[in-house]
Amino acid sequence: MSELSGLFAPERVAVVGATDRKGSVGRAVMENLVADFEGSVVPVNPTEDRLFDRPCYDDVAETGADLAVVVVPAATALEVIESAGEAGIENVVVITAGFGESGGDGTAREEALVDLANRYGLNLVGPNSLGIISTPSGLNATFGPRNADPGSISFMSQSGAFVTAVLDWAADRDIGFNDIVSLGNKAVLDETDFIEAWGADSGTDVVLGYLESIEDGEAFVRTAREVTAETPVVVVKSGRTEAGAHAAASHTGAIAGSEAAYEAGLDGAGVLRVESAEELFDFGAMLAGQPIPNADGVAVVTNAGGPGVMATDAIGDAALDLASLGGETRAALADVLPQSASGQNPVDIIGDAPVERFERALEVVLDDPAVGAAVVIACPTATLSFESLAERLTALGETREQPVAVCLMGGSSTEAAAETLAAAGMPTYFDPARAVRSLEALYDYREIRRREYEAPTTFDVDRARAREILERVEGARDNRLGIEAMGLLDAYGIPTPESDIVDSPGDARRVAEAIEGDVVMKIVSPDILHKTDVGGVEVGVADADVADIYETLLTRARNYQPDARILGVQVQEMVDLDDGVETILGLNRDPQFGPLVLFGLGGVFVEVFEDTTLRVAPVSEPEAASMIDDIDAAPLLRGARGRTPVDEDAVVETIQRLSQLVTDFPAIVELDINPLVATPEGVVAIDIRLTVDPEAL
């Protein structure tokens, strides 16, 4: 395993705050450890001579332990942790509450705890934790009511109560675990540390997590990308909120709120996200016990027509492929099945089917090269023994490379069969839709394993010019820039129309006459974000009208917001939109995941349609290309309804160039290019606005 191996495989555990007082945490932890742990357990309590028929120690430093479990009150916990560190005990689980979660003095106490952990190099779980479990050694250093059954799933939870509920629930479903961690306040060790540790652990086949937050999103993405190449990670992320959007100063900021950021971050990390605890463990059991599909098609073998149709619908809903069985397969099924049975997929072997018919039909179906996975649905009949079916399916699973999801659609009569199948790593379900969704997790993980993370392209850009433009916010009334910052895009090779910003009607006329054809005129003010809403944009202005329109735009702006700073008027070359598609390209710097690049359908209705997608920067060429695939409007870019396709390569390159810009300059907090017009000849950025943190320049 990783450097956390001492945490999960200690030889000697000290419980600091051990007691035999009924109802106490110290007693519960001692009882759990004494009951199952293969190593030594020593109590630490200076007021007792013996506890649990073993001598008590006055101080953790005297114990010779390699793991200390701290359950003393918060006021004395820091002294215990310092004593453990001085004694060379590197692994500490702090069950005690009263730290950062309690505010005030607790926050200061947690900061001191972190300082101690850093000083002594401690692997510290918590505080405010239920504890940890590791089944290979019988370690149950929690105050929960039961231990976990052995298995190959490692599970972390930000809720201790959720751990106790899961242990009870999982035991009834024959789901076992390797390691379990209640993360608590995550003062030192967090989700990224455990994903890294379990990714290197041969005893862990899949990592599951219940998370309410991610401490360092950028580190999480880097680590999870490496781990998920070999070990699947599945997460329930709770605490959905749109609060992050309320304070946003850009379209991108409004769309890339906290929930969208987590979606992008988890997807970029290769982590499968689920919506419920049931899905978390459905997916976990399937990923831990079944192989990755080697073909796209899914076959259904059932002794009941209705549930077979339910499974077929679920396959369609999951965007999986119902396998089209070949002629040889259909002929072989005809030899196995009664004349009234269906040799098409779903394969209905009809209600009188004995175990032998199930077995033979499934063998034939799995021999078809188009079948990568199968769903077996069995309803109770007088001719079928669930126990015998489980034995045959277990034996068949040992010789096949395709995953099989089993629906045993009964009650207590299925329990023994489900236990047999679970022992063989073959999960069972009552609902066909759950079985199909779990198979979908295998297909999704197959795609994650196929990902190739390329290094982002580095373009030749003018960073000095870009910095000069960004520095305009220094000493300004606020930190926003608008179309006066178009040169920022030029510096990074993103095409813009010919334009200039002027502060007089005469200069406006001069600039317009130098531009071929009619022009677009826009008010330039960092205080007016939505220029079209206030009549601050005029399109198709002839040279003769430019001076009058200049005055009109200023009047409208002053009437709308008298105190707005007016920097002038932009006179801009018109872009032909007949063959173009208005897209948006933007950036929002998320507190957890850092810079997020957004691309999608743009224009004035961008926040209405919200047809956008996000990636964590820096964005490589394949990631940029996949952003086009993600949006519903992709057919518009690719020539729908006889339109000429836009230059996709130019769009992809522009996404990468913006990614480099925001990576080079962490001071850029938010940025919108809207619209970025994509045409068959390339792209052109029409408008820009951004927010800059001057302290980060």
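Notes on the structure in this doc start here.

Each value, and the rule that gives it
Residues numbered from 1 in each chain as written. Predicted model: local features only at pLDDT ≥ 70, side-chain atom pairs only at ≥ 80, totals over all residues. Heavy atoms only, no water. Axes fitted to C-alpha atoms, helices over the stretch in contact; angles between N-to-C directions. Helix = DSSP H or I, 4+ residues; strand = E, 2+ residues; numbered from the N terminus. Parallel < 35°, antiparallel > 145°, perpendicular 65-115°, else oblique. Contact = heavy atoms within 4.5 Å. Pairing = 2+ DSSP bridges. Core = buried A, V, L, I, M, F, W, Y, C linked by side-chain atoms within 4.5 Å. Buried < 20%, exposed > 50% of the residue type's maximum accessible area, 1.4 Å probe, protein only. Patch = residues over 30% accessible without salt bridge, like charges linked within 9 Å, V, L, I, M, F, W, Y side chains within 5 Å. Areas by Shrake-Rupley, 256 points an atom, 1.4 Å probe, with all protein chains shown as cover. Salt bridge = Lys/Arg side-chain N within 4 Å of Asp/Glu carboxyl O. Lys, Arg positive; Asp, Glu negative; His and termini not counted. Charge placed at Lys NZ, Arg CZ, Asp CG, Glu CD. Left-handed = near helix turned anticlockwise from the far one by under 90°. Nonpolar A, V, L, I, M, F, W, Y, C, P; charged D, E, K, R; others polar. Disulfide = S-S within 2.5 Å. Right-handed = clockwise from strand over helix to strand, strands pointing away. Phe/Tyr/Trp six-rings, centres within 6.5 Å; stacked < 30°, edge-to-face > 60°.

**Considerations on the packing of helix 15 (residues 386–397) against helix 16 (residues 415–423)**
Thought 1: In contact at an axis separation of 8 Å, helix 15 and helix 16 are set at 10° when each is read in the N-to-C sense. Overall, the two elements helix 15 and helix 16 adopt an arrangement that is roughly parallel. For the pair helix 15 and helix 16, contact is made by F386, E387, A390, L393 and T394 and by A416, A417, T420 and L421, respectively.

**Considering the sheet that holds strand 14 (residues 272–274)**
Thought 1: Pairing is mixed in the open sheet, where seven strands are placed in the order 9-8-11-10-12-13-14. At either end of the open sheet lies a strand with only one pairing partner, and these are strand 9 (139–142) and strand 14. Averaged over all adjacent pairs, the angle separating strand axes in this sheet is 20°, with direction ignored.
Thought 2: Looking at chain direction, strand 10 (residues 150–157) and strand 12 (residues 206–211) are connected through five bridges and run parallel. Counterpart to I153 in the pairing with strand 12 is V206.
Thought 3: Where helix 5 (residues 160–171) meets the sheet, its contacts fall on strand 8 (131–134), strand 10, strand 11 (177–182) and strand 12, and the angle it forms with strand 11 comes to roughly 155°.
Thought 4: Packing of helix 10 (residues 258–268) onto the sheet brings it into contact with strand 13 (233–237) and strand 14, and relative to strand 14 it is tilted by some 140°.

**Some details on the nonpolar core**
Thought 1: Judged by nonpolar contacts, the single largest core of 52 residues is most densely connected at L7, L33, I132 and F194.
Thought 2: Other than its neighbours up to four places away in sequence, L7 contacts L67, N91, V92, V93, N123, V125, I132, L139, L189 and F194.
Thought 3: Counting 50 residues, the second-largest nonpolar core is a separate cluster that includes V461, V473, I483 and I494.

**Description of the sheet that holds strand 1 (residues 12–16)**
Thought 1: As summarised here, the arrangement of the five strands in space is 2-1-5-6-7, forming an open sheet in which the pairing is parallel. Whereas interior strands pair on both sides, the edge strands pair on one side only; in this sheet they are strand 2 (40–44) and strand 7 (123–125). If you compare each strand with its neighbour and ignore which way they point, the axes differ by 20° on average.
Thought 2: Relative to strand 5 (residues 67–70), strand 1 runs parallel, the two being bridged by four bridges. Bridging across to strand 5, A14 finds its partner in A68.

**Considerations on a negative patch on the surface**
Thought 1: Together, D20, E48, D49, D58 and E62 line one region of the surface with negative charge.
Thought 2: By secondary structure assignment, the location of D49 is in the loop between strand 2 and strand 3 (50–51).
Thought 3: On the accessibility criterion, D49 (68% relative accessible area) is exposed.

**Describing the pattern of salt bridges**
Thought 1: If you walk through the whole model with that rule in mind, you get 35 salt bridges.
Thought 2: Of the charged contacts in the structure, one is a salt bridge between E513 and R509, with a shortest N-O distance of 2.8 Å. Of the two residues, E513 and R509 are both situated in helix 20 (residues 505–514); the distance of four residues between them amounts to about one turn of the helix.
Thought 3: A relative accessible area of 33% means that R509 is categorised as partly exposed.

**Here we look at the packing of helix 6 (residues 191–199) against helix 7 (residues 217–227)**
Thought 1: Running from amino to carboxyl end, helix 6 crosses helix 7 at an angle of 15°, the nearest separation of the two axes being 9 Å. Here helix 6 lies roughly parallel to helix 7, going by the angle between them. Once helix 6 is placed against helix 7, the crossing between them reads as left-handed. Residues E191, T192, I195, E196 and G199 of helix 6 pack against A219, F220, T223, A224 and V227 of helix 7.
Thought 2: A per-class count over the contact of helix 6 with helix 7 returns five nonpolar, three polar and two charged.

**Some details on the state of the cysteines**
Put plainly, a disulfide is one covalent bond tying together the sulfur atoms of two cysteines.
Thought 1: In the structure shown here, the tally under the stated rule is zero disulfides.
Thought 2: Here C379 stays unpaired: no disulfide links it, and the sulfur of C407, its closest cysteine neighbor, is 8.9 Å away.
Thought 3: The class of C379 is buried, set by a relative accessible area of 18%.

**Focus on the pairing of strand 5**
Thought 1: Residues of strand 5 alternate between two faces, with L67 and V69 on one and A68 and V70 on the opposite face, all of them buried.
Thought 2: Examined bridge by bridge, strand 5 and strand 6 (residues 91–94) share four bridges and lie parallel to one another. Of the residues in strand 6, the one forming a bridge with V70 is V94.
Thought 3: Assessed by its sense of winding, the connection that carries the chain from strand 5 through helix 3 (residues 74–86) to strand 6 is right-handed.

**Quick look at the packing of aromatic side chains**
Pairs of aromatic rings are described using the distance from one ring centre to the other and the angle between the two planes.
Thought 1: Across all of its chains, the model carries 11 aromatic pairs by this definition.
Thought 2: Measuring from centroid to centroid gives 5.5 Å for W169 and F281, while their planes differ by 55°, and the two rings are tilted. Here W169, found in helix 5, pairs with F281, found in helix 11 (residues 277–289); they are 112 residues apart in sequence, far enough to count as distant.
Thought 3: Taking relative accessible area as the criterion, W169 reaches 25% and is therefore assigned partly exposed.
Thought 4: Taken together, a centroid distance of 5.3 Å and an interplanar angle of 90° make the contact between Y262 and F593 edge-to-face. Of this pair, Y262 sits in helix 10 while F593 is found in the loop between strand 26 (581–590) and strand 27 (594–601), placing the two residues 331 residues apart along the sequence. Comparing Y262 with F593, the two get one shared label, buried.
Thought 5: An aromatic cluster is present here, built from F155, F162, W169, F177, Y210 and F281 joined pairwise through their rings.

The values are spatial; any link to function lies outside them.
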